[in-house]
Amino acid sequence: MKSLRGDCYNPFFSHIYVEQAVKNHPRTQRVLARFRDARIIEIGHYKDVFCRRGQDFLQQHHTQKLILAGKPGTLIYPGAPVCQSFGNDHFYYTSCVMNCIYDCEYCYLKGMYPSANIVWFVNLEDFFSETDRMLKQHPMYLCISYDTDLMAMEQITGYVREWIRFAGSRKHLKLEIRTKCAERSFFEQEEPVCGVVFAFTMSPQRVIDAYEHGTPSLARRIGCAAEAVRRGFSVRLCFDPMIYVLDWEAEYEKMLEQIFREIPASLLWDVSVGTFRVPQDYLKNMRRQEPDSAVVQFPYQNCSGVYQYPADLAERMEGYLIRRLAERISKDKIFLWKEER
């Protein structure tokens, strides 16, 4: 199985599983019209497919299927301790799409989910209603692109546009849209919305080549972020997770020089810094799936249930990057993820 050639796999979204309860939903009908050659399979519940036993995440990622479903119950969750809140008291995240089309070796989704298939919850109006209900209680900082890359799926779902239009009429709602996507046309066609931050993950090209499979190059990410800045969007650069490689200091320095040749530091909303960390249960699953991955098999230290780089290495990497960033951007715009090591 591990030696299958690329031409042995079915095409992307060759099969689409549809919950019976949402088969007539307008979004379901639109996506089925887009993928007319796909085999459509009706199911009772998305977990019947997504959570079945014996799945191979890595093999599935070569031939991802789409599952269209309705999300019941709780739709918005408190932000995880391994994520940054950027000083916001009411920090939440939501997952209207589960799983990502990109194939980063270090991605925690490989340890969290039993399947690599994409689940798209078509009942977005319910997510909006839940957000409105919570906004009546307090302001919200809501991250909508943690368990997927919504920008990378935008041509299929259109959810980024729907979310920013929703946020535009909610005074006390801040949205973060995290991405590695480099679709400049989005920012050429849309208008900036107050309270919506586009957070671009930046990695040295060496890290991208080694571990961030299928993602845009550093040059393309920079170009897209620069276009967003020029057009007045709020842009955050995320140097998080920092990944250790040989000559990491030179690699990160080269990355910074490349970034700030194109993006004026003074126009950035802020930046975030943090070395790789992952909950212990997720890493256990990731290591079982990727026995040959250097980034997954690194000898991390377990600190209160979270695997991280050894404290001295993490502090050297983060300290170096913060010092270099502080030469270009005010310190109050530099956010460091920090938990007791």
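Read on for an overview of the structure.

The rules behind the values
- Residues numbered from 1 in each chain as written.
- Predicted model: local features only at pLDDT ≥ 70, side-chain atom pairs only at ≥ 80, totals over all residues.
- Heavy atoms only, no water.
- Helix = DSSP H or I, 4+ residues; strand = E, 2+ residues; numbered from the N terminus.
- Contact = heavy atoms within 4.5 Å.
- Areas by Shrake-Rupley, 256 points an atom, 1.4 Å probe, with all protein chains shown as cover.
- Lys, Arg positive; Asp, Glu negative; His and termini not counted.
- Charge placed at Lys NZ, Arg CZ, Asp CG, Glu CD.
- Buried < 20%, exposed > 50% of the residue type's maximum accessible area, 1.4 Å probe, protein only.
- Pairing = 2+ DSSP bridges.
- Arc of directions from axis to C-beta.
- Phe/Tyr/Trp six-rings, centres within 6.5 Å; stacked < 30°, edge-to-face > 60°.
- Axes fitted to C-alpha atoms, helices over the stretch in contact; angles between N-to-C directions.
- Expected span 1.5 Å × (residues − 1).
- Polar contact = N/O pair within 3.5 Å; in protein donor to acceptor, adjacent residues only side chain to side chain.
- Salt bridge = Lys/Arg side-chain N within 4 Å of Asp/Glu carboxyl O.

What to know about the overall build of the protein
Right, on to step 1. Per the secondary structure count, the protein includes 14 helices and 18 strands.
Right, on to step 2. With respect to the principal axes defined by its C-alpha atoms, the protein has extents near 55 × 50 × 35 Å.
Right, on to step 3. The long-range share in the protein, meaning contacts at least 24 apart out of those at least 6 apart in sequence, stands at 76%.
Right, on to step 4. Taken as a whole, the protein presents about 15,400 Å² of accessible surface, with 49% of it coming from carbon and sulfur.
Right, on to step 5. Within the protein, the 43 negative side-chain charges are centred at a point lying 2 Å from the centre of the 44 positive side-chain charges.

Some details on the pairing of strand E8 (residues 118–121)
Right, on to step 1. Of the two faces of E8, the one carrying Ile118 and Trp120 and the one carrying Val119 and Phe121 are both buried.
Right, on to step 2. The sheet contact formed by strand E3 (residues 66–69) and E8 spans four bridges and is parallel. Pairing of leucine 66 across the sheet is with isoleucine 118, part of E8.
Right, on to step 3. Alignment of strand E6 (residues 97–98) against E8, held across two bridges, turns out to be antiparallel. Bridge pairing in E8 places valine 97 opposite tryptophan 120.

Observations regarding helix H7 (residues 159–167)
Right, on to step 1. Of all the residues in H7, the buried ones are Tyr159, Val160, Trp163, Ile164, Phe166 and Ala167. In an axial view of H7, the angular spread of the buried residues amounts to 155 degrees, which keeps them on one side of the axis.

Considerations on the sheet that holds strand E2 (residues 39–43)
Right, on to step 1. The strand order E2-E1-E3-E8-E6 describes an open sheet built from five strands, whose pairing is mixed. Each end of this open sheet is capped by a strand with a single partner; those strands are E2 and E6.

Structural notes on the packing of aromatic side chains
Right, on to step 1. Summed over the entire model, instances satisfying the criterion amount to 25 aromatic pairs.
Right, on to step 2. Judged by centre distance (5.9 Å) and plane angle (40 degrees), the ring pair of phenylalanine 91 and tyrosine 141 falls under tilted. In this pair, phenylalanine 91 sits in strand E5 (residues 91–94) while tyrosine 141 sits in strand E9 (residues 140–143), placing the two residues 50 residues apart along the sequence.
Right, on to step 3. For tyrosine 141, a relative accessible area of 3% puts it in the buried group.
Right, on to step 4. For the ring pair tyrosine 106 and phenylalanine 276, a centre distance of 6.1 Å and an interplane angle of 75 degrees mean the geometry is edge-to-face.

Details of the sheet that holds E5
Right, on to step 1. As summarised here, the arrangement of the eight strands in space is E4-E5-E9-E10-E11-E13-E14-E18, forming an open sheet in which the pairing is mixed. Both outer strands of the open sheet, strand E4 (76–78) and strand E18 (334–336), are each paired with one neighbouring strand and no more. Put simply, the sheet's adjacent strands are angled 25 degrees from each other on average, direction ignored.
Right, on to step 2. In this structure, E9 lies alongside strand E10 (residues 173–179), joined through four bridges in parallel fashion.

Here we look at helix H14 (residues 311–326)
Right, on to step 1. Spanning 16 residues, H14 covers 22 Å between terminal C-alpha atoms, matching the ideal 22 Å at 1.5 Å per step.
Right, on to step 2. Those residues of H14 that fall on the buried side of the exposure criterion are Leu313, Ala314, Met317, Glu318, Gly319, Tyr320, Leu321, Arg324 and Leu325.
Right, on to step 3. Next to the buried residues of H14 lie strand E13 (234–242), helix H11 (248–262), strand E14 (270–275) and E18.

Points about the side chain of threonine 94
Right, on to step 1. Examined against the element boundaries, threonine 94 turns out to sit in strand E5.
Right, on to step 2. Of the residues examined, threonine 94 reaches a relative accessible area of 0% and is grouped as buried.
Right, on to step 3. Of the polar contacts made by the side chain of threonine 94, one reaches the backbone oxygen of leucine 75; its length is 2.6 Å.
Right, on to step 4. For threonine 94, the contacting residues outside a window of four places in its chain are Leu75, Ile76, Phe127, Leu142, Cys143, Ile144 and Trp163.

Here we look at the pattern of salt bridges
Right, on to step 1. With the rule as written, the count across this model stands at 22 salt bridges.
Right, on to step 2. The salt bridge partner of arginine 27 is glutamate 125, with a shortest N-O separation of 3.0 Å. Remark: glutamate 125 occurs in helix H5 (residues 124–135) and arginine 27 occurs in helix H1 (residues 26–34); sequence separation between them is 98 residues.
Right, on to step 3. For arginine 27, a relative accessible area of 5% puts it in the buried group.
Right, on to step 4. Here arginine 184 and glutamate 227 are joined by a salt bridge, their closest N and O atoms 3.1 Å apart. Taken together, the residues span a long stretch of sequence, with arginine 184 in helix H8 (residues 184–189) and glutamate 227 in helix H10 (residues 218–230) at a distance of 43 residues.
Right, on to step 5. Put simply, Glu154, Arg161, Arg165 and Glu190 are held in one network by salt bridges that share partners.

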